[in-house]
Amino acid sequence: MTVPLKRSDSVVVEVALPDRAYDIVIGRDVLGSLGVRLAALRPGARTAIVTDRSVARHWLEKAEAALAQAGVATSRVIVEEGESSKSYATLEQISEALIAARIERNDLVVALGGGVVGDLVGFAAAILRRGVDFVQVPTTLLAQVDSSVGGKTGINSPQGKNLIGAFHQPVLVVADTAVLDTLPARQFRAGYAEMAKYGVLGDAAFFGWLEANHAEIFKGGTAREHAIAISCRAKAAIVARDERETGDRALLNLGHTFGHALEAATGFSDRLFHGEGVAIGMVLAAEFSATLGMIPQAEAARVKRHLAEVGLPTQLQDVAGFAQEGLADADALMALMAQDKKVRRGQVTLILLEAIGRAVIARNVEPATVRDFLQRKLANGK
Ligand SMILES: NC(=O)c1ccc[n+]([C@@H]2O[C@H](COP(=O)([O-])OP(=O)(O)OC[C@H]3O[C@@H](n4cnc5c(N)ncnc54)[C@H](O)[C@@H]3O)[C@@H](O)[C@H]2O)c1
Ligand SMILES: [Zn+2]
């Protein structure tokens, strides 16, 4: 399915799902090849690009020009940016717009944006006419290394995040690393936390490489492409093994149980981006593993040092407004963790470390042990 490229430096990673295998194409300026790729994938199909206001300002014209050049018919749907768009209201807006644009079963919906657009548009595609194919064109680092791959789509309910959704795999992912040049630095850093996660959970050599090469990744250039490709390969391998998260895919939740509690405590606001919560959560998971004697303290310190070096928050005290209600209280954090779907019948499931590069699913963690650990972190940060 891979179309020959004019540039030689793009990388293709395959997500090897039976019946639904697809490519992730990664490279600088690959957005320019979007039209040729869609024309080859689905000759004669109509397309609709769905994006948010901010991404539209920077990248919609380039995407549309690429489609026009290859003679691919397209229309545009623009939604407000931000997490609040993962809502019933915006889903309705998109669904009605796609019907009005006459997108039918053999056509393609293109999600151009970060994880919000990807999740929302993927879900809209999953339910439009009982399912139309869609293409991910991720424009944030988080979306390129994580959310655009693996087929989890959905919206938020007023009762919680991602509660309404479906598994719906894209038919192609086109990750242009140049679009990240317009991404605000804080957003880029937040995505970097998910990238580092792949090293910490399953690839010690990659983690070491990130320690040496992170500056180049932030600057752009081939180190960025390489790191995104390694991350996608890691996610693709896990998804191919366990699409529906009945086993190994849970390893990708490293740092997320703690992280979600912090996100909830800060009201899913700009006080803490998702990736920032994951960074703190990953350090807590490493430190908790050390507390249990699973890894040496020095290994946990190494995880923390690297994330701090790129400017990510690494401890509870780094969260804006930390001293306010909720956050500085171990019981409140435990209550928020208990709302997470990873808590069953009084036992917490956490992803812990046996080494940097070797994460395990720990299903029967005693809540009291976690609580004492958090209490200690809150008291002295150590
Ligand atoms: N489906 C999954 O497997 C999965 C995994 C992780 C996260 N997610 C979801 O992803 C969402 C977060 O995604 P995100 O961090 O990409 O946030 P986002 O989509 O909200 O994007 C962040 C901000 O950056 C802007 N932006 C995006 N690309 C840009 C660019 N190239 N230049 C300038 N601005 C740009 C957006 O308009 C937005 O304001 C959450 O809703 C989370 O639940 C899903
Ligand atoms: Zn995440």
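That block above? That's the structure.
Nothing here was measured: the structure is a model prediction, and the numbers come from that model.

1. Remarks on the overall build of the protein
When its secondary structure is counted, the protein shows 13 helices and twelve strands. The C-alpha atoms of the protein give 20 Å as radius of gyration, which agrees with the globular expectation for 382 residues (21 Å, within 12%). Long-range contacts, defined here as pairs at least 24 residues apart, represent 72% of the contacts in the protein between residues at least 6 apart. Working note: accessible area of the protein is about 15600 Å², and carbon and sulfur atoms make up 51% of it.

2. Some thoughts on the site of ligand 1
Among the 25 residues in the neighbourhood of ligand 1, the closest are listed as Glu83, Gly115, Thr139, Thr140 and Thr182. Glu83 places a polar side-chain atom, nitrogen or oxygen, 2.7 Å from an oxygen atom of ligand 1. Between ligand 1 and Lys161 there is a distance of 3.0 Å, counted from an oxygen atom to a side-chain nitrogen or oxygen. Contact with the protein chains covers 89% of the free accessible surface of ligand 1, which is 870 Å². The set of elements that each furnish at least two residues to the shell around ligand 1 consists of helix H2 (53-69), helix H4 (115-127), helix H5 (141-147) and strand E8 (160-167). The biggest single contributor to the shell around ligand 1 is H2, with four residues. When the residues that make up the shell around ligand 1 are grouped by side-chain class, the tally is six nonpolar, ten polar and nine charged.

3. Brief notes about the coordination of the zinc ion (ligand 2)
The zinc ion (ligand 2) binds to the protein through Glu194 (OE), His256 (NE2) and His274 (NE2); the donor distances cover 2.0 to 2.1 Å. We note that the donor set of the zinc ion (ligand 2) lies within a single chain, spaced as E-x61-H-x17-H. With Glu194 in helix H6 (residues 185-202) and His256 in helix H9 (residues 256-265), this pair connects stretches of sequence that are 62 residues apart. Given a relative accessible area of 0%, Glu194 falls into the buried group. Among the residues examined, His256 registers a relative accessible area of 6% and is labelled buried.

4. Observations concerning the pattern of salt bridges
Taken as a whole and assessed by the stated rule, the structure comprises 24 salt bridges. Residue Asp146 is joined to Lys235 by a salt bridge in which the shortest nitrogen-to-oxygen separation is 2.7 Å. Residue Asp146 is located in helix H5, and its partner Lys235 is located in helix H8 (residues 222-241); the two are separated by 89 residues in the primary sequence. Taking relative accessible area as the criterion, Asp146 reaches 12% and is therefore assigned buried. Judged by its relative accessible area of 5%, Lys235 is buried. Across the pair Lys197 and Glu194 runs a salt bridge whose closest N-O atoms are separated by 3.0 Å. Here the residue Lys197 and the residue Glu194 both occupy positions in helix H6, the gap between them amounting to three residues, near one helical turn. We note that Lys197, like Glu194, is buried. Each member of the salt-bridge network shares a partner with another, and the members are Glu83, Lys86, Asp119 and Lys161.

5. Some remarks on the packing of helix H3 (residues 88-100) against H4
Interhelical geometry of H3 versus H4 gives an angle of 55° and a closest axis separation of 10 Å. When the interaxial angle is binned, H3 and H4 end up oblique. Both H3 and H4 take part in a crossing whose hand is right-handed. Contacts between H3 and H4 involve Thr90, Leu91, Ile94 and Ser95 on the former and, on the latter, Leu120, Val121, Phe123, Ala124 and Ile127. When its residues are assigned to classes, the contact of H3 with H4 shows seven nonpolar, two polar and no charged.

The rules we used
- Residues numbered from 1 in each chain as written.
- Chains lettered and ligands numbered in written order.
- Predicted model: local features only at pLDDT ≥ 70, side-chain atom pairs only at ≥ 80, totals over all residues.
- Heavy atoms only, no water.
- Helix = DSSP H or I, 4+ residues; strand = E, 2+ residues; numbered from the N terminus.
- Rg over C-alpha atoms; globule rule 2.2 N^0.38 Å.
- Contact = heavy atoms within 4.5 Å.
- Areas by Shrake-Rupley, 256 points an atom, 1.4 Å probe, with all protein chains shown as cover.
- Near = heavy atom within 4 Å.
- Polar contact = N/O pair within 3.5 Å; in protein donor to acceptor, adjacent residues only side chain to side chain.
- Nonpolar A, V, L, I, M, F, W, Y, C, P; charged D, E, K, R; others polar.
- Donors = N, O, S within 2.8 Å, 3.2 Å for Na, K, Ca; no water.
- Buried < 20%, exposed > 50% of the residue type's maximum accessible area, 1.4 Å probe, protein only.
- Salt bridge = Lys/Arg side-chain N within 4 Å of Asp/Glu carboxyl O.
- Axes fitted to C-alpha atoms, helices over the stretch in contact; angles between N-to-C directions.
- Parallel < 35°, antiparallel > 145°, perpendicular 65-115°, else oblique.
- Left-handed = near helix turned anticlockwise from the far one by under 90°.

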